[in-house]
Amino acid sequence: QVQLVESGGGLVQTGGSLRLSCVVSGMTFTYKSIGWYRQAPGKQRELVAAISTGGMTNYADSVKGRFTISRDNAKNTAYLQMNSLKPEDTAVYYCNVGRYIGGTYYAMDYWGKGTLVTVSS
């Protein structure tokens, strides 16, 4: 049974930092690409960052230079380091297992339950 469990969300002030974690079980993590998505109230879910099995990364323009995605295959865990947080980063953040095709990340139907990030102004 595939499970993705996010953690690390919380309340932080503008300019602060958080590190999200996503532990994946039930599949061979090393062979999977991982994406972090977020969904703010009233908005569609959007891809924030993704990392391939080989460590290639992609970021949404809105988070470039502020967020860093990484992975630890030995721990079956992906991370999202978020710095210089802004109120517009407030959302539920979800971990996803997907695949890269032609340099583009595509989500597969494996999702965690999400972790809430709230950035106060």
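Presented here is a report on the structure given in the accompanying data block.

Conventions and cut-offs
Residues numbered from 1 in each chain as written. Predicted model: local features only at pLDDT ≥ 70, side-chain atom pairs only at ≥ 80, totals over all residues. Heavy atoms only, no water. Helix = DSSP H or I, 4+ residues; strand = E, 2+ residues; numbered from the N terminus. Disulfide = S-S within 2.5 Å. Polar contact = N/O pair within 3.5 Å; in protein donor to acceptor, adjacent residues only side chain to side chain. Contact = heavy atoms within 4.5 Å. Buried < 20%, exposed > 50% of the residue type's maximum accessible area, 1.4 Å probe, protein only. Pairing = 2+ DSSP bridges.

Now for unusual backbone geometry. Residues other than glycine seldom take positive phi values, yet Asn76 does so here, at roughly 55 degrees. If you trace the backbone, Asn76 turns up in the loop between β7 (67–72) and β8 (77–82). In the Ramachandran plot, Ser84 falls in the positive-phi region, its phi being about 50 degrees despite a non-glycine side chain. Of note, Ser84 is situated in the loop between β8 and β9 (91–101).

This model, assessed by the stated rule, comprises one disulfide. The disulfide partner of Cys22 is Cys95, and the gap between their sulfur atoms is 2.0 Å. As the torsion about the S-S bond is roughly -80 degrees, the Cys22-Cys95 disulfide counts as left-handed. Of this pair, Cys22 sits in strand β3 (residues 18–25) while Cys95 sits in strand β9, placing them 73 residues apart in sequence.

In this section: the side chain of Arg38. Structurally, Arg38 can be placed in strand β4 (residues 33–39). Of note is the side chain of Arg38, whose polar atom sits 2.9 Å from the side chain of Asp89. Among all residues touching Arg38, those that are not within four sequence positions of it are Gln44, Arg45, Glu46, Val48, Ser62, Val63, Phe67, Glu88, Asp89, Ala91, Val92 and Tyr93.

This brings us to the pairing of β8. In terms of burial, β8 is a largely internal element, five of the six residues being buried. Examined bridge by bridge, β3 and β8 share six bridges and lie antiparallel to one another. Residue Val23 lies in a different strand from β8, and its bridge partner there is Thr77. The hairpin turn running from β7 into β8, its antiparallel successor, is four residues long, and Asn76 in that turn takes a positive phi close to 55 degrees.

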